[in-house]
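Descriptive structure summary
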Amino acid sequence: MATIDYPLPKLEPFKGQKKIPLEEFFTSGHRTCQGCESALVMKMMAKAAGPRSIILGSTGCMYVANTTYYSTSWVIPWMHTQLGSSGSAALGTAMGLKALMRKGKMKKEPINVIAFCGDGGGADMGLAAISATLTHPDYNLLILMYDNESYANTDIQLSGSTPYGANTTFSPPGTVKRILHHRWKKNMAGMLAAGHPECKYIATVDMSYGLQAMNCVRKALSIGGPTFIHSLDPCPKGWDYDPMISHELGELAVTTGVWPLYEIENGVLKLYGKTKEIAEGRYKRLPVRDYLLRQGRFAHFIEEDFDYFQNKIDQMWQKWLIPGVIPFRREIDQ
Amino acid sequence: MTPTAVAEAPKGTEKTALITGSEAIAVACKLADVDVITGYPIRPYDTVIQYIAQLISNGEMDCEYVVAEGEHSQFEIVKHASTVGARVFCGSSGVGWMYAFECLTVTPALRVPMVVMVGNRALDDPGAFGVEHNDALAVRDLGWQLVWVDNAQEALDTALIAYRVAEDRRIFLPCAISCDGAFLTHSQALVKIPAQEKVNAFLPRYDRGDLLLHPDNPITVAPQANEDWLMEIRRQTAAAMDRSMGVIREAYKDYERIIGRGYGNPFFEEYMTDDADVVLVGMGTLSTPCKVAIRKMRQEGKKVGLVRVRWFRPFAAEELAQCLSRFKAVGVIDRDFSLGSPYSSGVLATEVRAALYASAKRPPLVGFICGLGGREVLVPDVEKITGIVYDAAAGKPQPLTHWIGVRE
Ligand SMILES: Cc1ncc(C[n+]2csc(CCOP(=O)(O)OP(=O)(O)O)c2C)c(N)n1
Ligand code: SF4
Ligand SMILES: [Mg+2]
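Residues numbered from 1 in each chain as written. Chains lettered and ligands numbered in written order. Predicted model: local features only at pLDDT ≥ 70, side-chain atom pairs only at ≥ 80, totals over all residues. Heavy atoms only, no water.

A few points about the overall build of chain B
The cut-off we apply is this: Only DSSP runs of H or I with at least four residues qualify as helices, and only runs of E with at least two residues qualify as strands; both kinds are numbered from the N terminus onward. Exposure categories follow from relative accessible area, calculated using a 1.4 Å probe and restricted to protein chains: below 20% of the type maximum is buried, above 50% is exposed, and the middle band is partly exposed. Note on contacts: a residue pair is in contact if any heavy atoms of the two residues lie within 4.5 Å. Accessible surface is estimated by sampling points in the Shrake-Rupley manner with a 1.4 Å probe; for residues, cover comes only from the protein chains shown.
The helix and strand inventory of chain B stands at 13 helices and 17 strands. In terms of overall dimensions, chain B has a C-alpha envelope of 65 × 60 × 45 Å along the principal axes. Within chain B, buried positions represent 59% of all 408 residues. In chain B, the proportion of contacts linking residues at least 24 apart, taken out of those at least 6 apart, comes to 79%. Carbon and sulfur atoms make up 53% of the accessible area of chain B, which totals about 15,600 Å².

Given below as structure tokens:
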């Protein structure tokens, strides 16, 4: 049985945009691109967690661009961790706090521990450590994977989370091969949910829906044990679009059905936002080309590529055991 | 697996137990009241975690303990636990240590005083469980304090001293205690276990001070420094390493005063060197066959001594050079290799040569590579080595490196 013998924070959901506190914990000093949604994730995540928090950040844009020596943007304690170490960073920090509080060497109080990683650091390199950490019920922590769908900081290389066909510096379209990257994006949140039955909270978020995303962070921090959030973050540089439309793209990812929004809380799956409406038949998915055509990284797509992509998304909604979460069917339902 | 007390002693005094080198390190962790421990299986390091796990499940030790999913995580977990103020322990062997290499490189500049045990083991491939020193030596340039011990008592005492030195605010650098695989990790000896009260008097609580990562001290740790500041930060880490020799000396003195066991010169042990013509230099459990052979050779009238290097980082270059310049020739025995290095020597031979360079009197120095992959170094091997060193003393031209005990 899990023993969480140090206190959990009480973080009620913000009941509307106007109830969100004004105080910032991720402020000026960062050097991210204009329209960087991942930077917004940092800001909202810090706000949702509040000042009694420790943030660990693995290598990537949200390290390199945010913590130039002497101009850190973090008001709350922050520490770098290695590219594949978000899981271990969160675990080690939580273990240290727990040991010291339990042994009377530190004042007992709820301290939020959040480790973030990019898709390269999380879905590729750090997957084993995240997986291991999600099996440790004794420690309160949140791992947040901000997914800009590439190794962005090193100049936009494909990761296991890059969508099919995207033009990255490691998968440029050429004269003979139009599509160099033909792997399908990893289903990270679904995989972690299926693989870690004891984990009490896993969610997908999108900062175009900021209030919901912040409340997901608050729930993840107060439910107890290790938790995971996967956010999809439009990245003007890597996706090649005008920074003005970051939010719009974030919305299109959801309304085209490419990015389903859901929470899995204590073993119960809840779709939310437009995703819920799609699933309940109250909203008709927009064509994926509405989303893809706005991004330069798909500029080399021809009809058959759009069709392939659309077909995969249709399959996800029509054939998956749980659309957006569990990517297989039961033989009995054939 | 709990250490068996063979002589129950009154409170405040030592107990004696028949334990292995690994068990001695486990007992030191218990005495040091370590807060966070991580394990991952690899021979021979795994033995120390087996003992620790038993201490925890028997309620004799109170810490947060996890088995990680790999050595990389093992070291990252304790690194982060240390930054919030926890005393930590972990370790590894051979390729496991190399698997954690990224984490080993970041620890010194973060000024994380983790204390770890390396159960020295040959690196794959091909597979070998036995001892070689290349694993721990791989971090020799990076800001790790590295110490080799040659018996279980020294393992226990050195582990306690290591916490005291690493966690000293003037240092805040990690420390790896090397124990030769099998020869020390798995060999039992009678070990005196100091009383808890005395250990408490010797080893103060770990205080992370202004570097504590905590909401009450909202610092940003390890920002992107680039060419603007990295060099100054490296210099600070180097300065800490330079201070380490003095702090080590202080710690050994206090250990002797409070615990009652002294080691003389902390940096190297001298055995039968007073009147020696030639000496052998080595690290770890090589000392056993060397000492036996030296006693035998002395009966035959050969004046041979041994200098066993304990602390490899910091390296007591001046002191060692002064010591070695007394002799007619020096033979350095490496249980490691440094392929393509000057004279194709081992790592220790190269370092000792460098240490001697600034010395006014430089005896001939010959390097020997032997005992790799856990191959036993036998008394005849040591005799053969000594013969070559005598030849060098007599001015006979020599290759500067010899492989001993190898099929040609
Ligand atoms: C072990 C290791 N390998 C490679 C790198 C180089 N590197 C630095 S940042 C980065 C990109 C990380 O991508 P992601 O996690 O997706 O974060 P993003 O940059 O996209 O925000 C890489 C590969 C590194 N820092 N460490
Ligand atoms: S490259 Fe993308 S993730 Fe990185 S700072 Fe720019 S917009 Fe943000
Ligand atoms: Mg990325």
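What to know about the overall build of chain A
Which entries qualify depends on this criterion: Just so you know, the count uses Lys and Arg for positive and Asp and Glu for negative, and it drops His and the chain ends. The location of each charge is read from NZ of Lys, CZ of Arg, CG of Asp or CD of Glu.
When helices and strands are tallied, chain A shows 12 helices and eight strands. Projecting the C-alpha coordinates of chain A onto the three principal axes gives extents of approximately 65 × 55 × 40 Å. Among the 334 residues that make up chain A, the fraction classed as buried is 59%. Sequence separation of 24 or more characterises 72% of the internal contacts of chain A that already satisfy a separation of 6 or more. Carbon and sulfur atoms make up 55% of the accessible area of chain A, which totals about 13,400 Å². Taking the average place of the 36 positive charges on the side chains of chain A and the average place of its 31 negative ones, the gap between the two points comes to 7 Å.

Let's talk about the coordination of the magnesium ion (ligand 3)
Residue and element names in this part refer to chain A. Here is the rule we go by: Ligating atoms shown are N, O and S within 2.8 Å of the metal, or 3.2 Å for Na, K and Ca, and water is not included, meaning a site may look less than complete.
Bound to the magnesium ion (ligand 3) on the protein side are Asp119 (OD), Asn148 (OD1) and Ser150 (O), at distances that span 2.0 to 2.1 Å. In terms of primary sequence, the donors binding the magnesium ion (ligand 3) are separated according to D-x28-N-x1-S. We classify Asn148 as buried; its relative accessible area is 4%.

A short note on the state of the cysteines
All names here are of chain B. Convention followed: In this description, a disulfide is simply a cysteine sulfur pair whose atoms lie within 2.5 Å.
Tallied over the entire structure, the rule returns zero disulfides over all chains. Here Cys90 is not cross-linked by a disulfide; its sulfur's nearest cysteine counterpart is in Cys103, at 9.1 Å. Among the residues examined, Cys90 registers a relative accessible area of 0% and is labelled buried.

Points about the interface of chain A and chain B
Let me state the cut-off plainly: Two parts placed together each lose some accessible area under a 1.4 Å probe, and adding up what both lose gives the buried area. We count a salt bridge whenever a side-chain nitrogen from Lys or Arg sits within 4 Å of a carboxyl oxygen from Asp or Glu. The term polar contact refers here to a pair of N or O atoms within 3.5 Å; inside protein, the definition further demands a hydrogen-donor-capable atom paired with an acceptor-capable atom, and it admits residues adjacent in sequence only when both atoms are side-chain atoms. Amino acid classes used here: Ala, Val, Leu, Ile, Met, Phe, Trp, Tyr, Cys and Pro are nonpolar; Asp, Glu, Lys and Arg are charged; the rest, including Gly, are polar. When DSSP finds two or more bridges between two strands, those strands count as paired.
Of the residues lining the interface, 45 residues belong to chain A; the matching set on chain B comes to 42 residues. Contact between chain A and chain B buries roughly 3,500 Å² in total, counting both sides, with carbon and sulfur atoms accounting for 61%. Among the residues chain A hides against chain B, the three largest losses belong to Tyr69, Met79 and Gln82 of chain A. Together they make up 19% of the total. Of the charged contacts, one joins Arg102 of chain A and Asp62 of chain B as a salt bridge, the two residues approaching to 2.7 Å between their closest N and O atoms. There are 24 residue pairs in polar contact (both at pLDDT 80 or more) connecting chain A and chain B. Taken together, the elements giving at least two residues each to the side of chain A that touches chain B come down to strand S1 (53-58), helix H2 (61-64), strand S2 (78-81), helix H3 (86-102) and helix H5 (127-134) of chain A. In terms of residue count, H3 of chain A provides more of the side of chain A that touches chain B than any other element does, 12 residues in total. Class assignment for the residues of the side of chain A that touches chain B results in 26 nonpolar, 13 polar and six charged. Relative to strand S10 (residues 220-221) of chain B, S2 of chain A is paired through two bridges, and the arrangement is parallel.

Considerations on the domain arrangement of chain B
Residues and elements named next belong to chain B. Basically, it comes down to this: Source of the domain bounds: an automatic or database domain assignment.
In terms of domain boundaries, chain B breaks down into domain 1 (15-259) and domain 2 (268-403). Here the C-alpha centroids of domain 1 and domain 2 sit 28 Å apart. Taken together, the contact between domain 1 and domain 2 spans 28 residues of the former and 27 residues of the latter. The interface formed by domain 1 and domain 2 contains five salt bridges. Ionic pairing is found between Arg310 and Glu154, a salt bridge with its closest N-O pair at 2.4 Å. Counting the contacts that link domain 1 with domain 2 gives 16 residue pairs in polar contact (both at pLDDT 80 or more). When residues of the side of domain 1 that touches domain 2 are traced back to their parent elements, those giving at least two are helix H6 (134-137), strand S7 (145-148), strand S8 (175-180) and helix H9 (226-258). Examining the composition of the side of domain 1 that touches domain 2, we find that six residues originate from one element, H9, more than from any other.

Some thoughts on the side chain of Gln82 of chain A
Looking at the secondary structure, you find Gln82 of chain A in the loop between S2 and H3. With a relative accessible area of 9%, Gln82 of chain A lands in the buried category. A polar side-chain atom of Gln82 of chain A sits 2.9 Å from a polar atom in the side chain of Glu102 of chain B. Apart from residues lying up to four places away in sequence, Gln82 of chain A is in contact with Ser58 and Thr59 of chain A together with His72, Glu76, Lys79, Glu102 and Val106 of chain B.

Describing the site of ligand 1
All names here are of chain A. The criterion, for reference: When we say a residue is near a molecule or strand, we mean one of its heavy atoms is within 4 Å of it.
Around ligand 1, 17 residues are found, and the nearest of them are Gly120, Gly121, Tyr146, Ala152 and Asn153. Take Gly121: an N or O atom from its main chain is 2.7 Å from an oxygen atom of ligand 1. Contacts to ligand 1 include Ser150, whose backbone N or O atom sits 2.9 Å from an oxygen atom. Within the complex, the protein chains bury 77% of what would otherwise be the 580 Å² of accessible surface of ligand 1. Per-element tally for the shell around ligand 1: the top contributor is helix H4 (residues 119-125), with four residues. A per-class count over the shell around ligand 1 returns six nonpolar, nine polar and two charged.

Focus: the sheet that holds strand S11 (residues 268-271) of chain B
All names here are of chain B. What counts, and what does not: Throughout, an axis means a line fitted to C-alpha atoms (over the contacting stretch in the case of helices), and angles, computed between N-to-C directions, take values from 0 to 180 degrees.
Strand order in this open sheet of six strands is S11-S13-S12-S15-S16-S17, and the pairing throughout is mixed. Edge positions in the sheet fall to S11 and strand S17 (401-403), since each has one partner strand and no second. Between one strand and the next, the sheet's axes are offset by a mean angle of 20 degrees, whatever the strand orientation. Across three bridges, strand S16 (residues 365-369) lies against S17 in parallel orientation. Within the sheet, the bridge partner assigned to Phe368 lies in S17 and is His402. The strands touched by helix H10 (residues 287-299) are S11, strand S12 (278-282), strand S13 (304-309) and strand S15 (329-334); relative to S13, the strand with the most contacts, the crossing angle is about 165 degrees. Strand contacts of helix H13 (residues 379-393): S12, S13, S15, S16 and S17, with the helix running at about 125 degrees to S12, the strand carrying the most contacts.

Section: the sheet that holds strand S5 (residues 88-92) of chain B
Either a parallel or an antiparallel arrangement is found when strands of a sheet pair, and the pairing is made through backbone hydrogen bonds. Residues and elements named next belong to chain B. Here we have seven strands laid out as an open sheet, ordered S4-S3-S5-S6-S8-S7-S14, and mixed in their pairing. Taken across any chain shown, the strands that pair with only one partner, and hence form the sheet edges, are strand S4 (64-67) and strand S14 (311-313). The sheet shows a mean angle of 20 degrees between the axes of neighbouring strands, direction not considered. In this sheet, S4 lies alongside strand S3 (residues 36-39) in parallel orientation, the contact comprising four bridges. Its bridge partner lying in S4, Ile37 is registered against Tyr65. In this fold helix H3 (residues 71-83) packs onto S3, S4, S5 and strand S6 (115-120), with an angle of close to 160 degrees to the strand it touches most, S5. Where helix H7 (residues 152-166) meets the sheet, its contacts fall on S5, S6, S7 and S8, and the angle it forms with S8 comes to roughly 170 degrees.

Points about the pattern of salt bridges
All names here are of chain B. Tallied over the full model, the rule gives 54 salt bridges over all chains. A salt bridge links Asp141 to Arg140; the nearest nitrogen and oxygen atoms lie 3.9 Å apart. Two residues, Arg257 and Asp254, come together in a salt bridge whose shortest N-O distance is 3.0 Å. With Arg257 and Asp254 both in helix H9 and three residues apart, the pair spans about one turn of that helix. Look at the salt bridges and you will find they share partners, linking Asp150, Glu154, Glu269, Lys291, Arg308 and Arg310 into a network.

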